[in-house]
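Geometric and topological summary
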Amino acid sequence: MLNLLQNLYKEEHSFKEAAIDFTTKEGDILGSDKISGLEIRLSHVIIKDNKTAKIFPFPGLAKIYFLTLVISDVENQMINLDLKGFEKVDDGDALSIDKSIFYWKQTKKEKAPSQVHVMTSIIKSKQSLRDVAKIMENIKNDSDYKDLSEKLLTIIKDANQFSNITNLISTVSSIVGKYLGKVEDKPFLTWYQSFTDIDGDWDKLGKTFKHAENKYAAMDLSITIRDKERENIKL
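Here we summarise the structure given alongside this text. (Residues numbered from 1 in each chain as written. Predicted model: local features only at pLDDT ≥ 70, side-chain atom pairs only at ≥ 80, totals over all residues. Heavy atoms only, no water.)

**As for the overall build of the protein chain**
- Counting secondary structure elements, the protein chain contains 5 helices and 10 strands.
- The buried share of the protein chain, reckoned over its 235 residues, is 46%.
- Restricting to contacts in the protein chain with at least 6 residues of sequence separation, those with at least 24 account for 79%.
- Accessible area of the protein chain: about 12700 Å², with a carbon and sulfur share of 49%. (Helix = DSSP H or I, 4+ residues; strand = E, 2+ residues; numbered from the N terminus. Buried < 20%, exposed > 50% of the residue type's maximum accessible area, 1.4 Å probe, protein only. Contact = heavy atoms within 4.5 Å. Areas by Shrake-Rupley, 256 points an atom, 1.4 Å probe, with all protein chains shown as cover.)

**So, a positive patch on the surface**
- A cluster of basic side chains, namely Lys 51, Lys 126, Lys 186 and Lys 215, defines a positive patch on the protein surface.
- Among the secondary structure elements, Lys 186 is positioned in the loop between α4 (172-180) and β8 (189-196). (Patch = residues over 30% accessible without salt bridge, like charges linked within 9 Å, V, L, I, M, F, W, Y side chains within 5 Å. Salt bridge = Lys/Arg side-chain N within 4 Å of Asp/Glu carboxyl O. Lys, Arg positive; Asp, Glu negative; His and termini not counted. Charge placed at Lys NZ, Arg CZ, Asp CG, Glu CD.)

**Considerations on helix α2 (residues 143-155)**
- The end-to-end C-alpha distance of α2 is 19 Å, a good match for the 18 Å that 13 residues give at a rise of 1.5 Å each.
- Backbone nitrogen of Asp 144 and a side-chain oxygen of the N-cap are separated by 2.8 Å at the start of α2; the cap is Asp 142. (Expected span 1.5 Å × (residues − 1). Polar contact = N/O pair within 3.5 Å; in protein donor to acceptor, adjacent residues only side chain to side chain.)

**A word on the environment of Pro 113**
- Locating Pro 113 in the fold gives a position in the loop between β6 (99-105) and β7 (115-125).
- In the structure, Pro 113 is positioned 84 residues away from Asp 197 in sequence and 8.1 Å away in space, judged by C-alpha atoms.

**Comments concerning the environment of Gln 193**
- Summarising the element assignment, Gln 193 is placed in strand β8.
- A relative accessible area of 0% means that Gln 193 is categorised as buried.
- Through-space distance from the C-alpha of Gln 193 to that of Leu 221 is 9.3 Å; in sequence the pair is 28 residues apart.
- A polar contact of 3.3 Å, which involves the side chain of Gln 193, links it to the side chain of Trp 191.

**Quick word on the pattern of salt bridges**
- Under the criterion given, the structure shown has 8 salt bridges.
- Across the salt bridge formed by Asp 91 and Lys 54, the nearest N and O atoms sit 3.5 Å from each other. Placement of the pair is Asp 91 in the loop between β4 (80-89) and β5 (94-95) and Lys 54 in the loop between β2 (37-47) and β3 (62-72), with a sequence separation of 37 residues.
- When its relative accessible area of 46% is taken as the criterion, Lys 54 is described as partly exposed.
- Three or more residues joined by partner-sharing salt bridges are found here, namely Glu 39, Arg 41 and Asp 98.

**Observations concerning the pairing of strand β10 (residues 217-226)**
- With respect to burial, β10 is a largely interior element, 9 of its 10 residues being buried.
- With 9 bridges connecting them, β2 and β10 associate as antiparallel partners. If you follow Leu 38 over to β10, its bridge partner there is Ile 225.
- Once strand β9 (residues 206-213) ends, the chain turns through 3 residues before running back antiparallel as β10. (Pairing = 2+ DSSP bridges.)

**A look at the packing of helix α1 (residues 132-141) against α2**
- Closest axis-to-axis distance for the α1/α2 pair is 5 Å, and the angle between their directions is 65°. Between α1 and α2, the angle is such that the two are roughly perpendicular. Taking contact as the criterion, the partners of Ile 139, Lys 140 and Asn 141 in α1 are, on α2, Ser 143, Tyr 145 and Lys 146.
- Grouping the amino acids of the contact of α1 with α2 by side-chain chemistry returns 2 nonpolar, 2 polar and 2 charged. (Axes fitted to C-alpha atoms, helices over the stretch in contact; angles between N-to-C directions. Parallel < 35°, antiparallel > 145°, perpendicular 65-115°, else oblique. Nonpolar A, V, L, I, M, F, W, Y, C, P; charged D, E, K, R; others polar.)

Laid out in structure tokens, this is it:
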């Protein structure tokens, strides 16, 4: 069974409040719920060692799946699960991944997200890549996946259930593994990252980069925070 928790990189964000006095006319510091926009992007996914021997006449290229799962407590938000396949990946190759995996822009009535959870995993395939669109269709029609999705979307709204979110997200590995087929037991790199307003992740304006790396792979994650009120304050 595929276990995404092996080769896991996990680090809690802890952005420090900038040494700037962002105050209103009333003298109150603007809260994290005042943000006007948030985006999380994934980029620079590098395969450092594809664990495939180069034995003539075989060039030692690998077949790779890249899995992304994102969930937040935004109202009416669905779980974002995505899977991509890559053929003929060599040591040092960069996967063509540079995309926004979470995007939120303030509307008049919508409340800002208080937490966003991201899990990404690079998985080597031991057989020819399958039709990822068909795999995704099978996963999303799976009764266990539907139950998991309902539980996640319920508990993410309950602050007391925060510690259980990681456990539920990790169980997606067994569901994905069921439809991927024959894959290596150990993914090259799995990265689980939580962003929360309480931890101060909404406090630092602009773009902040995070990096995960082991001996097999590396990738970058960035979070961009916008706040019209704080950005308009003249320093």
